[in-house]
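# Structural characterization, general
Take a look at the letters that make up each chain.
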Amino acid sequence: MADTRTIAHLDMDAFYASVELRKRPELRGKPVVVCGSGPRAVVTTASYEARKLAGIHSAMPAAVARRRLPNAVYLTPDFPAYREASAQVMEVLRLNVEVVEVVGLDEAYLDLTGLFSPKATMRRIATQIRTETGLTCSIGISESRMLAKIVSELGKPAGLVVLSREEALERFAAESPGLVPGIGPKTVIRLEAMGIATLADLRLRERGELEDAFGPRSGAWLHARGRLWDETPITPVHETKSQSAETTYDADVSDRAELEASLKGLAEELCRRLAKRELEGRTIGIKVRLDDWTNVTRSHTVDAPTSDPELVARVALDLFRAYDPPRPVRLLGVRVASFESEAEPEPAAEPPAGQLQLGLNNAA
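A few points on the structure.

The rules behind each value
- Residues numbered from 1 in each chain as written.
- Predicted model: local features only at pLDDT ≥ 70, side-chain atom pairs only at ≥ 80, totals over all residues.
- Heavy atoms only, no water.
- Helix = DSSP H or I, 4+ residues; strand = E, 2+ residues; numbered from the N terminus.
- Rg over C-alpha atoms; globule rule 2.2 N^0.38 Å.
- Buried < 20%, exposed > 50% of the residue type's maximum accessible area, 1.4 Å probe, protein only.
- Contact = heavy atoms within 4.5 Å.
- Areas by Shrake-Rupley, 256 points an atom, 1.4 Å probe, with all protein chains shown as cover.
- Salt bridge = Lys/Arg side-chain N within 4 Å of Asp/Glu carboxyl O.
- Pairing = 2+ DSSP bridges.
- Axes fitted to C-alpha atoms, helices over the stretch in contact; angles between N-to-C directions.
- Phe/Tyr/Trp six-rings, centres within 6.5 Å; stacked < 30°, edge-to-face > 60°.
- Lys NZ or Arg CZ within 6 Å of the ring centre and 35° of its normal.
- Left-handed = near helix turned anticlockwise from the far one by under 90°.
- Nonpolar A, V, L, I, M, F, W, Y, C, P; charged D, E, K, R; others polar.

Here the focus is the overall build of the protein. Along its length, the protein carries 13 helices and 12 strands. Taken against the 2.2 N^0.38 rule, which gives 21 Å for 364 residues, the C-alpha radius of gyration of the protein at 23 Å falls within 12% of a compact globule. Principal axes of the C-alpha set define a box for the protein whose edges measure 65 × 55 × 40 Å. In the protein, which comprises 364 residues, the share counted as buried stands at 45%. Long-range contacts, defined here as pairs at least 24 residues apart, represent 65% of the contacts in the protein between residues at least 6 apart. Of the roughly 18,400 Å² of accessible surface on the protein, 50% is carried by carbon and sulfur atoms.

Rendered as structure tokens:
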């Protein structure tokens, strides 16, 4: 019988802040917040000291963070340094494991299926990363990428946690379905209206009931996730689905000439990046966020793939003018997509009857 999958999720600890502390070791032990300086800047990351002292977290408005913790050290993001550190980390992963899927500067999935001692392998990797970069990571090991990601949060910072699916079903039974990646707040509210407040509740519901409420695909997906079942593969090459460029204004903008000039500039910036990566797409879209936080997207598909800034700008402007924003604009973006076929994956299936379950807790 084929080996049950063994998947690891590696997440760097407070990555941007940790890179900054590596450059400025005198700041160790102090609350450090990495964020922009504009009035609408958000926190990129915060050291664990800042998190514990004031609950500062990623995506929090920087102004809120400064009010909560005015005496913290606030640093401007240094993305070249973060990309360099990320490259070092990912090189360590690729030297030790054959199948690695990088999903950001600070996290990756690793397929450890068939390895004699997955836990020992990841311990060695964590030690090598710390030795070569001075950075720490948290690791979760389980039977799917979904569970590995959930489990990696249990040991933060610098922890390594191994949990089988059966153990996870018991451990997380009382947790909200929102624990599962992909189940967002709106879905949680809809589930609660059906009397489904925990993962245990979700697991008890029939697939047909969920499909009636959410549709065939989403219902089947939720039915599988309620059982913590996920067969999403680990793919070493992450297919580029789309590219975008956007700007958030320091003050809401109503002037149409200014907004249209921004769209043209964003289209040029985006197309320069596309040309550099030799990418062309057929779907051109815009994103508009109004001053009341309403988000609107519009798109149009052209006859042939393109990265022509004049064409992208023209379509973006046509979409923008057709939408005719009824309120001042907070954010504006341009997107190009459909580089490759984007067929949707089939819903996750239930584990076959009698499938061997991996004794992950026994990994050395």
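Still to come is the rest of the account.
Before going further, it helps to spend a moment on the pattern of salt bridges. Scanning all chains against the criterion turns up 18 salt bridges. As a salt-bridge pair, Glu166 and Arg165 come within 3.4 Å of each other at their nearest N and O atoms. What makes Arg165 buried here is its relative accessible area of 8%. Taking the shortest distance from any N to any O, the salt bridge between Arg205 and Glu209 comes out at 2.8 Å. On the accessibility criterion, Arg205 (19% relative accessible area) is buried.

Read across the sheet, 4 strands follow the order β9-β12-β10-β11 without closing on themselves; strand pairing throughout is antiparallel. Since the sheet does not close on itself, it has two edges, and those belong to β9 (242-253) and β11 (295-306), each with one partner. In this sheet, neighbouring strand axes are inclined to one another by 10 degrees on average, regardless of whether the strands run parallel or antiparallel. Alignment of strand β10 (residues 281-290) against strand β12 (residues 329-337), held across 8 bridges, turns out to be antiparallel. Bridge assignment links Arg289 to a residue of β12, and that residue is Leu331. Helix-sheet contacts for helix α12 (residues 256-276) involve β9, β10 and β12, and the interaxial angle to β9 is about 150 degrees. Where helix α13 (residues 309-323) meets the sheet, its contacts fall on β10, β11 and β12, and the angle it forms with β10 comes to roughly 40 degrees.

Attention now moves to the pairing of strand β7 (residues 137-142). The element β7 is largely enclosed, with a buried count of 6 among its 6 residues. Residue alternation in β7 divides its side chains into two sets, Cys137, Ile139 and Ile141 and Ser138, Gly140 and Ser142, and both sets are buried. In this sheet, β7 lies alongside strand β1 (residues 7-12) in antiparallel orientation, the contact comprising 6 bridges. Residue pairing in the sheet places Ile7 in a bridge with Ser142 of β7.

With that settled, consider the sheet that holds strand β8 (residues 160-162). Judged by pairing direction, the sheet is mixed, and its 5 strands sit side by side in the order β5-β6-β1-β7-β8 without closing on themselves. The strands lining the two open edges of the sheet, one partner per strand, are β5 (99-104) and β8. For this sheet, the mean angle separating the axes of adjacent strands, direction not counted, is 15 degrees. For β7 and β8, the ladder comprises 3 bridges, and the chain directions are parallel. The residue of β8 that forms the bridge with Ile141 is Val162. With respect to the sheet, helix α5 (residues 118-133) is in contact with β1, β6 (107-111), β7 and β8, its orientation differing from that of β7 by roughly 165 degrees.

If you trace the backbone, Thr121 turns up in helix α5. If sequence neighbours within four positions are ignored, Thr121 has contacts with Val97 and Leu115.

Moving on: the packing of aromatic side chains. Under the definition given, this model contains 4 aromatic pairs. Relative to Tyr82, the ring of Phe79 lies with its centre 5.5 Å away and its plane at 80 degrees, an arrangement referred to as edge-to-face. One end of the pair is Phe79 and the other is Tyr82, both in helix α4 (residues 79-96) and 3 residues apart, which spans about a single turn. Among the residues examined, Phe79 registers a relative accessible area of 34% and is labelled partly exposed. Each member of the aromatic cluster is reached from another via a ring pair, and the members are Phe15, Tyr16, Phe79 and Tyr82. Of note, Arg51 hangs over the ring of Tyr48, and the distance from its end group to the ring centre comes to 4.5 Å.

This part takes up the environment of Ile56. Mapped onto the secondary structure, Ile56 falls in the loop between α2 (48-54) and α3 (62-68). Relative accessible area serves as the criterion here: at 1%, Ile56 is assigned to the buried category. Put simply, Ile56 and Ala8 are 48 residues apart on the chain and 27 Å apart in space, counted from C-alpha to C-alpha. When near neighbours in sequence (up to four residues on either side) are disregarded, Ile56 contacts Val33, Val43, Ala46, Ala50, Arg51, Ala65, Arg68, Leu69 and Tyr74.

Turning our attention to the environment of Val315. Along the chain, Val315 falls in helix α13. Taking the C-alpha atoms as reference points, Val315 and Thr235, separated by 80 residues in sequence, lie 33 Å from one another. When near neighbours in sequence (up to four residues on either side) are disregarded, Val315 contacts Ile284, His300 and Val302.

Relative to each other, α4 and α5 sit at 145 degrees, their axes nearing to 10 Å. Crossing handedness for the pair α4 and α5: right-handed. Two secondary-structure elements touch here, α4 through Gln88, Val89, Val92, Leu93 and Asn96 and α5 through Arg124, Ile125, Gln128, Ile129, Glu132 and Thr133. In terms of residue class, the contact of α4 with α5 is built from 5 nonpolar, 4 polar and 2 charged.

So far we have only geometry, and geometry alone does not tell us how the molecule works.
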